[in-house]
Every structure is written in C-alpha cells, then in structure tokens.
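# Inside the fold
Listed below, chain by chain, are the residues.
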Amino acid sequence: MRVLTVAVLISGAGSNLRALLEAASAPDYPARIIAIGADREAAGFEHAEAFGIPTFLVPFREFESREAWGRELGVQLAAWQPDLVVLSGMMRLLPADLVAQWAPRIINTHPAYLPEFPGAHGVRDAIAAGVTQTGASVIVVDHGVDSGPILAQERVPVLPGDDESALHERIKPVERRLLIDVVRRIADGEIDLAVAAAEASK
Ligand code: GAR
C-alpha cells in the first residue's frame with residue numbers, strides 16, 4: 001500500500017489534528033502525518049508530542065512581512081517533502097508564493113458551508129446572520145480566502161440558543177469526519193487534486 005505523507009499546519013487547540021492523528025494511526029489508513037507546523041506556540045503541539053510527530057514553529061510575529069514568514073514556512077515544509085499539506089485551524093492567510101509552491105496539494109478545513117461565511121469567523125458570522133443551518137467544508141487552498149474547489153461539505157443545523165462555542169463544537173465532529181475521509185480519498189486516488197483544481201478554474 002502506498003502511504004500518503006501529510007504535513008499539518010495549525011494555530012490553536014488542534015482538535016481536528018488530533019482526530020486525523022488517531023485515524024492515521026490505524027494500520028489500514030493510507031496516510032501518515034510526518035510533521036506538524038504552526039505560526040505560534042499552538043496548544044495543539046501537545047498532540048504532536050503525544051503521537052511522537054516532529055514539529056516546527058515559524059512565529060508569524062517574528063517576521064517583517066507575511067511574505068517573509070511564508071518563505072520560511074515554505075522552507076520548513078519543503079524539508080519534509082510531504083505529498084499533502086493540510087491546514088487544520090491555521091488562522092493565517094498564506095502568501096501567494098506559498099500557495100503556488102504547494103497548489104493543488106494543499107487543503108483546508110473550514111467551519112461553514114462554503115462559499116457561505118468564509119474567513120476567520122465562519123461560525124460567528126453564521127450566528128450573526130441568523131441562518132438555521134451552516135456546515136463544514138474541506139477545500140483546496142487557492143489564492144482567495146476560502147474560495148478554492150470544494151472537496152467535501154456537509155450541513156450542520158444551527159439550534160435555537162446556540163452561541164459560537166456550542167455551534168462550533170457541533171460543527172467540529174463533522175469537519176473531522178470530512179477531513180479524515182478526504183485525506184483517505186486523496187491517498188486512495190479517488191480524489192485527484194489536480195483534476196479538482198482544473199475543474200474549478202474552467
Ligand atoms: C476548526 O473549526 C477549523 O475549521 C477552523 O478553526 C478550527 C480549529 O480547531 N479554521 C478556520 O476557521 C479557518 N478559516 P482545532 O484547532 O481545535 O482543530
């Protein structure tokens with residue numbers, strides 16, 4: 001079995017990363033996480049430690065520009081030569097050069113039913129809009145904000161009384177399931193990222 005190698009980028013708690021690590025530790029899962037990077041001292045690094053996965057930190061605030069930060073992140077990623085880069089709660093916009101370096105082998109999870117509610121506050125924006133359903137999406141990263149080809153998505157209801165945190169906690173299990181499934185399908189060749197990207201640009 002050919003195993004897909006994956007680098008994951010995080011900014012926060014890394015709960016979706018944790019789920020992917022757990023899935024990838026099953027012997028029949030066709031992908032392995034080989035490195036975990038972050039733009040800050042992310043709490044999610046604890047999961048890397050628990051699973052014995054190497055980490056790299058490229059602190060956004062220590063670079064004079066987004067481009068300079070992205071160049072260093074690109075160098076760090078390239079050192080691992082992953083087949084796929086997964087943004088799992090990476091809360092920084094990647095500079096165009098970095099996206100171009102990895103496209104289309106770079107995917108992102110997002111807590112909304114794209115193209116609805118893109119950006120850093122997908123859950124908050126759904127609540128503010130008063131919608132009765134939102135969702136979760138896994139997309140290919142392109143040069144826009146959460147605008148790339150959609151690989152998988154699923155609706156999640158917004159319940160009366162939901163606040164941002166309650167809704168996000170209900171969305172996350174769906175995101176995890178979609179992410180684990182999409183990575184499996186990429187590894188199995190069921191999803192061809194080059195084809196998905198080409199279709200979307202037609
Ligand atoms: C996830 O819901 C992810 O989709 C979201 O941040 C959360 C990270 O949670 N990302 C975005 O909103 C990106 N626009 P986690 O760190 O516990 O996995």
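Within this structure, the stated rule accounts for one aromatic pair. Residues Phe60 and Trp69 carry aromatic rings whose centres are separated by 5.1 Å and whose planes lie at 75° to one another, so their mutual orientation is edge-to-face. Using a relative accessible area of 0% as the deciding quantity, one classes Trp69 as buried. Its guanidinium or amino end placed over the ring of Tyr113, Arg155 lies 3.8 Å from that ring's centre, counting from NZ or CZ.

Now for the layout of surface pockets. Of the voids in this model, the largest pocket is the one considered here, and its volume is about 810 Å³. When residues of the lining of the largest pocket are traced back to their parent elements, those giving at least two are helix H1 (15-24), helix H4 (96-102), strand S5 (106-110), helix H5 (122-129) and helix H6 (164-188). Here the element with the most residues in the lining of the largest pocket is H6; it accounts for four residues. Partitioned by chemical class, the residues of the lining of the largest pocket number 14 nonpolar, 18 polar and six charged.

Moving on, we get to the sheet that holds strand S4 (residues 84-87). Note: strands within a sheet are paired through backbone hydrogen bonds, in either parallel or antiparallel orientation. Read from one edge to the other, the open sheet built from seven strands follows the order S3-S2-S1-S4-S5-S6-S7, with strand pairing classed as mixed. Looking along the sheet, the strands with just one partner apiece sit at the ends: strand S3 (55-57) and strand S7 (150-157). Mean inter-strand twist for the sheet, computed between neighbouring axes without regard to direction, equals 20°. Of the strand pairs in this sheet, S4 and S5 are connected by three bridges, and their pairing is parallel. Bridging from a neighbouring strand, Val85 pairs with Ile106 of S5. Lying over the sheet, H1 contacts strand S1 (4-10), strand S2 (31-38) and S5, oriented at roughly 155° with respect to S2.

What counts and what doesn't
- Residues numbered from 1 in each chain as written.
- Predicted model: local features only at pLDDT ≥ 70, side-chain atom pairs only at ≥ 80, totals over all residues.
- Heavy atoms only, no water.
- Phe/Tyr/Trp six-rings, centres within 6.5 Å; stacked < 30°, edge-to-face > 60°.
- Buried < 20%, exposed > 50% of the residue type's maximum accessible area, 1.4 Å probe, protein only.
- Lys NZ or Arg CZ within 6 Å of the ring centre and 35° of its normal.
- 1 Å grid on protein atoms, 1.4 Å probe; cavity = no way out; pocket = protein on both sides within 12 Å on 5 of 7 lines; lining within 4 Å.
- Points joined across faces, edges and corners; volume = space filled by probe spheres on them.
- Helix = DSSP H or I, 4+ residues; strand = E, 2+ residues; numbered from the N terminus.
- Nonpolar A, V, L, I, M, F, W, Y, C, P; charged D, E, K, R; others polar.
- Pairing = 2+ DSSP bridges.
- Axes fitted to C-alpha atoms, helices over the stretch in contact; angles between N-to-C directions.
- Contact = heavy atoms within 4.5 Å.

As far as function goes, none of this settles anything; it's purely spatial.
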